[in-house]
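Examination of the molecular architecture
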Amino acid sequence: MTRILASAAALAALFAAPALADAAMVEASDQSVANGVVSAEKVLAPANGWLVVHRTDAAMKPGPVVAHAPLRMGENRDVAAILTEAVAPGEMLMLMVHSEEGGMKTGVFEYTLGAKEDGPIKPDGKLVMTVVSAQ
Ligand SMILES: [Cu+2]
């Protein structure tokens, strides 16, 4: 019985994953980060993973990581990523969905810029991200 349930769940995950990946998104607004937290109103993730906050600028390239927060597969509301470095008003931040794959430990954020561990997801070859300004 347990075995049947487990394989049914695995099958469901297989079929659900592509649709979830297509729907992956980050919804966030310009915000004050004076409380030391970067917030996203809503994140849809195709699998358990991470919301990663990169520094960026007008060139819109992802820079150093300044915050991250865990995501569950599916819908996440009011995600709060605690800043590990100060961010000044006017700076631009890129909030990006990363996976929990390729690293050595599940539940431990192992990404560093450019690494494969816990790297960004790319459904259809595109990053899933949005850019906001710190106010
Ligand atoms: Cu990223």
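Structure shown above.
Description of the structure in this document. (Residues numbered from 1 in each chain as written. Predicted model: local features only at pLDDT ≥ 70, side-chain atom pairs only at ≥ 80, totals over all residues.)

1. Quick word on the nonpolar core
Our working definition: The term nonpolar core means buried Ala, Val, Leu, Ile, Met, Phe, Trp, Tyr and Cys residues held together as one set by C-beta atoms within 7 Å. Counts of 20 or more other C-beta atoms within 10 Å of a residue's own C-beta define buried residues, counts of 12 or fewer define exposed ones, and intermediate counts define partly exposed ones; C-beta atoms are placed from the backbone. Contacts here follow a simple rule: the backbone-placed C-beta atoms of the two residues must lie within 7 Å.
In terms of nonpolar packing, the biggest core is built from 29 residues, with Val26, Val43, Leu51, Val53, Leu95 and Val97 touching the most fellow members. Setting aside anything within four residues of it in sequence, one finds Val26 in contact with Ala40, Val43, Leu95, Val97, Val128, Met129 and Thr130.

2. Points about the environment of Ala69
Under the convention used in this document: Secondary structure is summarised from DSSP: a helix means a run of H or I of at least four residues, a strand means a run of E of at least two, and numbering begins at the N terminus for each.
Position of Ala69 among the secondary structure elements: in strand β4 (residues 65-71). For Ala69, a count of 20 C-beta atoms within 10 Å gives the class buried. Those residues in contact with Ala69, other than ones at most four positions away along the chain, are Trp50, Leu51, Val79, Ala80 and Ala81.

3. Section: the pairing of strand β3 (residues 49-56)
We apply this condition: Pairing between two strands requires that DSSP report at least two bridges joining them.
Taken across its eight residues, β3 has seven buried, putting it largely inside the fold. Bridging between β3 and β4 involves six bridges; their strand directions are antiparallel. Within the sheet, the bridge partner assigned to Gly49 lies in β4 and is Leu71. Bridge count for β3 against strand β6 (residues 92-99) is eight bridges, and the pairing is antiparallel. Note that in β6 the partner of Thr56 across the bridge is Met92.

4. Overview of unusual backbone geometry
In this structure, Met60 is a non-glycine residue whose phi angle is positive, near 60 degrees. Checked against the element boundaries, Met60 lands in the loop between β3 and β4. Looking at Met60, the number of C-beta atoms within 10 Å reads 10, which means it is exposed. Unusually for a residue other than glycine, Asp124 sits at a positive phi of about 55 degrees. Its place among the elements puts Asp124 in the loop between β6 and β7 (129-133).

5. Observations concerning the environment of Met129
Tracing the backbone shows Met129 in strand β7. Look at Met129 and you get buried, because 23 C-beta atoms sit within 10 Å. Considered as a pair, Met129 and Val43 are 86 residues apart in the sequence and their alpha carbons are 9.6 Å apart. Not counting the four nearest positions on each side in its chain, Met129 is found in contact with Val26, Met94, Leu95 and Met96.

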